[in-house]
Amino acid sequence: MIGSFQWNMANTIDSISRCSVPLFFMLSGALLLNKKLDTKKFLLRRSKKVAIPFLFWSLIYSLFNRYYFNNESFNLKKVIRDIFHGSEDHLWFIFVLFGLYLIAPLLSGYPRKKNDLIFFIVLWFIATTLYFLGFTHYLPKIDVTYFYGYIGYFVLGYYLSRYPFSTLLSGVLLVIGLTVTILFTYISSVSN
């Protein structure tokens, strides 16, 4: 039951773990955007490390889900659709990772001014917040799709690797982020 001790504990533990994927993308940005990447070499190397295991496991999940658990007759189109649209929900972040890998060579290695990075990160934060709160239909029809989503974490990771926050500020931001996540999850759960 929402609001019970067990529910609140589960919400707290879940809220603590929610930062793992954004942290992964921030670490990727910190490690990849500091140097100029050769597009061909980078994409070939990443495809071997990520695409091949992803295709393998997507195929395994698709075959087991459709033919072992659900006893469907074999259909190649469905298997291909599963692979390209996600055979399992927990693999969702791989598609985001592919998109970030495709743009990484374009973002890497260029000297950036601190203020330009701050401008991008602030724009990303505002666009993402407005998008997730559902306010985009109240705004002018300015296309800000490039400024929301996981690319912001990628750039933020690069920024923080060059201009780290103090330990105190990092701790304060961590507590604020965790508190907001716990509260919004509770409010969203109660309203739904």
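Residues numbered from 1 in each chain as written. Predicted model: local features only at pLDDT ≥ 70, side-chain atom pairs only at ≥ 80, totals over all residues. Heavy atoms only, no water.

J.: Would you explain the overall build of the protein in this entry?
T.: Helix and strand counts for the protein stand at 8 helices and 0 strands. Reading the secondary structure of the protein in the N-to-C direction produces α-α-α-α-α-α-α-α. Overall, the protein is about 55 × 55 × 40 Å in size when its C-alpha atoms are taken along their principal axes. The buried share among the 192 residues of the protein stands at 25%. Of the contacts made within the protein by residues no fewer than 6 positions apart, 79% connect residues no fewer than 24 positions apart. Roughly 13,400 Å² of accessible area belongs to the protein as shown, and the carbon and sulfur atoms make up 69% of that amount. (Helix = DSSP H or I, 4+ residues; strand = E, 2+ residues; numbered from the N terminus. Buried < 20%, exposed > 50% of the residue type's maximum accessible area, 1.4 Å probe, protein only. Contact = heavy atoms within 4.5 Å. Areas by Shrake-Rupley, 256 points an atom, 1.4 Å probe, with all protein chains shown as cover.)

J.: How should a positive patch on the surface be read in this particular structure?
T.: Together, Lys35, Lys41, Arg45 and Lys49 make up a region of like positive charge exposed at the surface. Tracing the sequence through the fold places Arg45 in helix 3 (residues 39–69). For Arg45, a relative accessible area of 42% puts it in the partly exposed group. (Patch = residues over 30% accessible without salt bridge, like charges linked within 9 Å, V, L, I, M, F, W, Y side chains within 5 Å. Salt bridge = Lys/Arg side-chain N within 4 Å of Asp/Glu carboxyl O. Lys, Arg positive; Asp, Glu negative; His and termini not counted. Charge placed at Lys NZ, Arg CZ, Asp CG, Glu CD.)

J.: Can you walk me through the nonpolar core in this structure?
T.: Looking at soluble globular proteins, one finds that nonpolar side chains tend to be buried together. Judged by nonpolar contacts, the single largest core of 24 residues is most densely connected at Leu32, Phe42, Tyr101, Ile121, Phe154, Val155 and Leu156. Elements supplying a minimum of two residues to this core: helix 2 (20–32), helix 3, helix 5 (92–107), helix 6 (114–133) and helix 7 (151–162). A total of 6 residues in this core trace back to one element, the largest contributor, which is helix 7. What Ile121 contacts, discounting residues up to four positions off in sequence, is Val155, Leu156 and Tyr159. (Core = buried A, V, L, I, M, F, W, Y, C linked by side-chain atoms within 4.5 Å.)

J.: For this particular structure, what's the right way to read the side chain of Asn11?
T.: Tracing the backbone shows Asn11 in helix 1 (residues 5–17). For Asn11, a relative accessible area of 5% translates into the label buried. Setting aside residues no more than four positions away along its own chain, Asn11 makes contact with Ile182, Thr185 and Tyr186.

J.: What's the story with helix 2 in this structure? I'm lost.
T.: Along an α-helix, residues three or four apart share an orientation, since each turn contains 3.6 residues. Over its 13 residues, helix 2 extends 18 Å from the first C-alpha to the last, a length consistent with the 18 Å expected when each residue adds 1.5 Å. Where helix 2 is concerned, the buried positions are Pro22, Phe25, Met26, Ser28, Gly29, Ala30 and Leu32. Packing partners of the buried residues in helix 2 comprise helix 3, helix 5 and helix 7. (Expected span 1.5 Å × (residues − 1).)

J.: Just checking my understanding: could you explain the packing of helix 1 against helix 8 (residues 167–191) for this structure?
T.: Helices that pack against each other are described as a pair by the angle of their axes relative to one another and the distance between those axes. Interhelical geometry of helix 1 versus helix 8 gives an angle of 130 degrees and a closest axis separation of 9 Å. What the angle tells us is that helix 1 and helix 8 run oblique. The two elements helix 1 and helix 8 cross, and the hand of that crossing is right-handed. Residues Trp7, Asn8, Asn11, Thr12, Ser15 and Ile16 of helix 1 form the contact with helix 8, whose own contacting residues are Leu178, Thr181, Ile182, Thr185, Tyr186 and Ser189. Class assignment for the residues of the contact of helix 1 with helix 8 results in 5 nonpolar, 7 polar and no charged. (Axes fitted to C-alpha atoms, helices over the stretch in contact; angles between N-to-C directions. Parallel < 35°, antiparallel > 145°, perpendicular 65-115°, else oblique. Left-handed = near helix turned anticlockwise from the far one by under 90°. Nonpolar A, V, L, I, M, F, W, Y, C, P; charged D, E, K, R; others polar.)

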